[in-house]
Amino acid sequence: MYNGQIISVLLKERGMKAKDLLEHLHLQTNGSISSLVRGNPTAERLEKIADFFDVPIDALFQRSKSYGYNVVGNSNSVANITIGELRGKAKSLEQIIEEKDKRIALLEDMVELLKRQQNP
């Protein structure tokens, strides 16, 4: 089910302004996003919103399976957002990058050693 509260959460989380989203959607910038949050946007509008935030459309829906943005609460308020999984993935990515850097350094050392052996 569509959960418009995710739009508010994404705006706040990313430090973006509602005005920028409204401009992206070619809506009046002096308006409010409440119609997007409380309404039932078309698939085309959902696609544009997802593109604005660079998330899959599925991120704008409250589903039993979490894909990263699972807003807990009723349609009038957001009680909690579970982004811990994303943070956990970010840590994993940091660890992967760190490991990659170590491997590159090791390979560079091996290349240097081989060059020395070829040119004594």
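Residues numbered from 1 in each chain as written. Predicted model: local features only at pLDDT ≥ 70, side-chain atom pairs only at ≥ 80, totals over all residues. Heavy atoms only, no water.

**So, the overall build of the protein chain**
In step 1: Summing up its helical and strand segments, the protein chain has 5 helices and 2 strands in all.
In step 2: Within the protein chain, the fraction of its 120 residues that count as buried is 23%.
In step 3: Expressed as a percentage of contacts within the protein chain between residues at least 6 apart in sequence, the contacts between residues at least 24 apart total 53%.
In step 4: Split by element, the accessible area of the protein chain, about 8,800 Å² in all, is 52% carbon and sulfur. (Helix = DSSP H or I, 4+ residues; strand = E, 2+ residues; numbered from the N terminus. Buried < 20%, exposed > 50% of the residue type's maximum accessible area, 1.4 Å probe, protein only. Contact = heavy atoms within 4.5 Å. Areas by Shrake-Rupley, 256 points an atom, 1.4 Å probe, with all protein chains shown as cover.)

**Some thoughts on the pattern of salt bridges**
In step 1: Per the stated rule, a full pass over the model turns up 4 salt bridges.
In step 2: With a closest N to O distance of 3.4 Å, Glu99 and Arg103 form a salt bridge. One end of the pair, Glu99, and the other, Arg103, are both in helix H5 (residues 84-118), 4 residues apart, so they sit about a helical turn from each other.
In step 3: Residue class for Glu99 comes out partly exposed when judged on its relative accessible area of 36%.
In step 4: Taking the relative accessible area as the measure of exposure, Arg103 reaches 54% and is therefore exposed.
In step 5: Across the pair Lys100 and Asp101 runs a salt bridge whose closest N-O atoms are separated by 2.8 Å. (Salt bridge = Lys/Arg side-chain N within 4 Å of Asp/Glu carboxyl O.)

**Details of the packing of helix H1 (residues 5-14) against helix H4 (residues 43-53)**
In step 1: Where H1 meets H4, the closest approach of the two axes is 11 Å, and the angle between their N-to-C directions is 20 degrees. Accordingly, the angle class assigned to the pair H1 and H4 is roughly parallel. For H1 against H4, the interelement crossing comes out left-handed. Across the interface between the two elements, Ile7, Leu10, Leu11 and Arg14 from H1 touch Ile49, Phe52 and Phe53 from H4.
In step 2: Residues that form the contact of H1 with H4 fall into these classes: 6 nonpolar, no polar and 1 charged. (Axes fitted to C-alpha atoms, helices over the stretch in contact; angles between N-to-C directions. Parallel < 35°, antiparallel > 145°, perpendicular 65-115°, else oblique. Left-handed = near helix turned anticlockwise from the far one by under 90°. Nonpolar A, V, L, I, M, F, W, Y, C, P; charged D, E, K, R; others polar.)

**Observations concerning unusual backbone geometry**
Where the residue is not glycine, phi is negative for most of them; where a peptide bond is considered, it is trans in most cases.
In step 1: Here the phi dihedral of His26 falls at roughly 60 degrees; this positive angle occurs in a residue that is not glycine.
In step 2: Within the secondary structure, His26 is located in the loop between helix H2 (18-24) and helix H3 (34-38).
In step 3: Although it is not a glycine, Asp54 sits at a positive phi angle of roughly 60 degrees.
In step 4: Counting through the fold element by element, Asp54 comes out in the loop between H4 and strand S1 (70-72).
In step 5: For Asp54, a relative accessible area of 70% gives the class exposed.

**Things to note about a nonpolar patch on the surface**
In step 1: Together, Leu106, Leu107 and Met110 make up an exposed nonpolar region whose accessible area comes to about 310 Å².
In step 2: Along the chain, the position of Met110 falls in helix H5.
In step 3: With a relative accessible area of 45%, Met110 lands in the partly exposed category. (Patch = residues over 30% accessible without salt bridge, like charges linked within 9 Å, V, L, I, M, F, W, Y side chains within 5 Å.)

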